[in-house]
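Residue strings, one per chain:
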Amino acid sequence: MTNHLLLSAIITTIFFTGTATSAATYNVKKLGAKPDGKTDSTKPFTDAWSRACGSNKPATVYVPKGTFMVGGLRFSGPCKNSDVTVRIDGTLVAPENYFVLGKARYWLRFQHVHGVTIVGGTVDARGAGLWACKSSRSKNCPDGATSLAISNSNNVKVYGLTSVNSQMFHIVVNGCKNVRVVGVNVVAPADSPNTDGIHVQLSTGVTILDSKISTGDDCVSIGPGATDLWVENVACGPGHGISIGSLGKDYNEQGVKNVTVKRNAIMTNVENPILIDQNYCPGHKNCPNQVSGVRISNVKYQDVHGTSATKVAVRFDCSKKYPCKRITMQDVNLSFKNKVPASAYCVNAGGKTSGVMKPTSCF
Ligand SMILES: *[C@@H]1O[C@H](CO)[C@@H](O)[C@H](O)[C@H]1NC(C)=O
Ligand SMILES: *[C@@H]1O[C@H](CO)[C@@H](O)[C@H](O)[C@H]1NC(C)=O
């Protein structure tokens, strides 16, 4: 090693050691959390968050290896600094009794935060009990909780998180600006109800990259008011596809604009891999009926391939009042089971295609 390199190595060491000690770190275990998977560690987590969020300089909440049981956690801002990291080396599990979260709507909720990075970790909501309750058609099942919700926040990053067995949606981004979800892994059984992978609504500048989502419902679901959304290199299946949907159930919903799904969107045994549904009406009751106020424009699908679990692989069911406009499809190759070709279905939808287009376009 030359002197010059040696010197720069020393400087680098000093630099990193220096920043590691100057940024405050709050270790949940030191604050009383127990890595035994049983003891309720909600309070130590909340304490760690309050300290990190209340710090005047960049701060980290650190969750070491081990399994920590936590109930509903509220990571609320605004914080005193705009660089809070939640670094998870361990696993978070929900309370065994599904009613605890099931009535709370959210398990881990970040709200009003600006500049937060969530890195690593596994979150296991242990949804199986609630799914069984729902499939038994008992009237006493709670709705269930979203595992990770990011609401009314800006500049949030979620890196390398694994979410398994959510009671309801795994990750929800609502009312946010500039959120990056990268390298996440979402897993729930194909028959688990409403376990959508990532749901985005009322948010602008959300990017979802390099992720893998296997669930019982939508892989990525895009709701009212999602604009400038970018989805790249996301593998879906089993489950449903990338769905711009659940629109039309209220009269005054905001539009969906500028959505890009590109490069290496791999579908494996997915129901309706590409879906736009403006005429969504759960239970077919009290919906505006074909006059959804949601305008959908500038949606691009590029390099989407794999297998559809339904014959209709591409479905654009748009309203007469606000037809879906300027949909672009390039190099889409979706097949249905052995030798039966997949099909596309369009109502009030228009756009253009280029490159490979399987199924044949319905524009
Ligand atoms: C569309 O959204 C992307 C980010 O997803 C952004 O880079 C681009 O500028 C937007 N385009 C328009 C026309 O707003
Ligand atoms: C479409 O995908 C199938 C299955 O992966 C493949 O065999 C076929 O060559 C692809 N077609 C084109 C035109 O790329």
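In short, a report on the structure. Source: prediction; values computed, not measured.

### Notes on the state of the cysteines
A full pass over the atoms with the stated rule returns five disulfides. What pairs with Cys219 in a disulfide is Cys236, and their sulfur atoms sit 2.1 Å apart. Its S-S torsion of approximately -70° makes the covalent link between Cys219 and Cys236 left-handed. Placement of Cys219 in the loop between strand 18 (203-214) and strand 19 (220-222) and of Cys236 in strand 20 (residues 226-236) is noted, with a sequence separation of 17 residues between them. Here Cys219 and Cys236 have matching classes, each one buried. Sulfur-sulfur distance for the disulfide between Cys346 and Cys362 comes to 2.0 Å. The sign of the 65° torsion about the S-S bond sets the Cys346-Cys362 disulfide as right-handed. Of this pair, Cys346 sits in strand 27 (residues 343-347) while Cys362 is found in the segment after strand 28 (349-358), placing the two residues 16 residues apart along the sequence. A relative accessible area of 22% means that Cys346 is categorised as partly exposed.

### With respect to the pairing of strand 3 (residues 59-63)
Across the five residues of strand 3, four count as buried, placing the element largely inside the fold. Two elements, strand 1 (residues 24-27) and strand 3, share four bridges in a ladder whose sense is parallel. Bridge pairing in strand 3 links Tyr26 to Val61. One ladder, built from five bridges, connects strand 3 with strand 6 (residues 84-88); its direction is parallel. If you follow Ala59 over to strand 6, its bridge partner there is Val84.

### Concerning unusual backbone geometry
At the junction of Gly237 and Pro238, the peptide bond is cis and its omega measures out at -5° in the coordinates. Cis geometry marks the peptide bond from Lys358 to Pro359, where omega comes out at 0°. Checked against the element boundaries, Pro359 lands in the segment after strand 28. With phi around 50°, Arg126 is a residue other than glycine that occupies positive phi space. Relative to the elements of secondary structure, Arg126 occurs in the loop between strand 10 (122-124) and helix 4 (128-135). With a relative accessible area of 31%, Arg126 lands in the partly exposed category. Not every positive phi belongs to a glycine, and Asn272 is a case in point at roughly 45°.

Thresholds, definitions, all that
Residues numbered from 1 in each chain as written. Chains lettered and ligands numbered in written order. Predicted model: local features only at pLDDT ≥ 70, side-chain atom pairs only at ≥ 80, totals over all residues. Heavy atoms only, no water. Disulfide = S-S within 2.5 Å. Helix = DSSP H or I, 4+ residues; strand = E, 2+ residues; numbered from the N terminus. Buried < 20%, exposed > 50% of the residue type's maximum accessible area, 1.4 Å probe, protein only. Pairing = 2+ DSSP bridges.

That's the geometry; what it means functionally is another story.
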